[in-house]
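# Geometric and topological summary
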Amino acid sequence: MSLTEGSAIDMLRLEAQVHSAVSSVDDPEYPGISIVDLGLLETIHVEPDGSTVIGLIPTFSGCPALAIIADDVVAAVQEVADVSTCTVDWLSSPAWHADRISHEARSCLERKFTVAVQIGQRSTTCPLCASKTVEQSMFGPSRCRSVHTCTGCGETVEVLRG
Ligand SMILES: [Zn+2]
């Protein structure tokens, strides 16, 4: 395949197929929620020879999860016909922010995983009963993530900060 005028549309189609392959990858910590809905996907570069570079933004996930995500993305993208190679590039900017999470993913996080997404300095409320939550420990699983307890129903609430 070469990037002649006639194949420009093919390139767009290939990029769309690569995008949907990346969308099929779920976050290993939140099965059922796509990494695209969590705001990890930033760039897709497809060369005329089929080599593909996926630019992802590291998020609240810890390093083991990021390695799994990269492997899953490479495996999914290499399934696309016309892709020769796939590389994942972890971008240092822009910084991931909680407002990159889609509304659908946010409500799924709340319902399925009791995860509250906190943006800015707003206080966190329990996804189950909307009571206030208090932070349990300053040492959450990662920098952007902490563990709270609901003052209403007593549920443990994971908080993602943006
Ligand atoms: Zn509650």
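The structure contained in this document is the topic of the report that follows. If you're wondering where the values come from, they're calculated on a predicted model, not measured in any experiment.

## A closer look at the sheet that holds strand β7 (residues 133-135)
Pairing is mixed across the open sheet formed by four strands, whose spatial order is β6-β9-β8-β7. The open sheet is flanked by β6 (115-118) and β7, the only strands paired with a single partner. Between one strand and the next, the sheet's axes are offset by a mean angle of 40°, whatever the strand orientation.

## Quick word on the coordination of the zinc ion
Taken together, Cys126 (SG), Cys129 (SG), Cys150 (SG) and Cys153 (SG) make up the full set of protein donors to the zinc ion, lying 2.3 Å away. Geometry at the zinc ion is tetrahedral, judged from its four donor atoms and the angles of 98 to 118° they form at the metal. Counting residues between consecutive donors of the zinc ion along the chain gives the motif C-x2-C-x20-C-x2-C. Here Cys153 lies in the loop between β8 (145-150) and β9 (156-161) and Cys129 lies in the loop between β6 and β7, a separation of 24 residues in the sequence.

## With respect to the pairing of strand β2 (residues 30-34)
By the bridge criterion, two bridges tie strand β1 (residues 26-27) to β2 in an arrangement that is antiparallel. Bridge pairing in β2 links Asp26 to Ser34. Hairpin connection between β1 and β2: a loop of two residues separates the two successive antiparallel strands.

## Quick notes on the nonpolar core
Ranked by size, the top nonpolar core spans 36 residues in total, and within it Val18, Ile54, Val73, Val77 and Leu109 carry the most contacts. Counting only elements with at least two residues in this core, the list comes to α1 (8-23), β2, β3 (41-46), β4 (51-56), α2 (63-78), β5 (85-90), α3 (103-113) and β6. If one sorts the elements of this core by residue count, α2 sits on top with six residues. The residues that make up this core include at least three from each of domain 1 (5-90) and domain 2 (98-161). With five residues, the next largest nonpolar core counts Cys126, Cys150, Val157 and Val159 among its residues.

The rules behind the values
- Residues numbered from 1 in each chain as written.
- Predicted model: local features only at pLDDT ≥ 70, side-chain atom pairs only at ≥ 80, totals over all residues.
- Heavy atoms only, no water.
- Pairing = 2+ DSSP bridges.
- Helix = DSSP H or I, 4+ residues; strand = E, 2+ residues; numbered from the N terminus.
- Axes fitted to C-alpha atoms, helices over the stretch in contact; angles between N-to-C directions.
- Donors = N, O, S within 2.8 Å, 3.2 Å for Na, K, Ca; no water.
- Tetrahedral: all angles 85-135°; square planar, octahedral: opposite > 155°, others 65-115°.
- Core = buried A, V, L, I, M, F, W, Y, C linked by side-chain atoms within 4.5 Å.
- Buried < 20%, exposed > 50% of the residue type's maximum accessible area, 1.4 Å probe, protein only.
- Domains from an automatic or database assignment.

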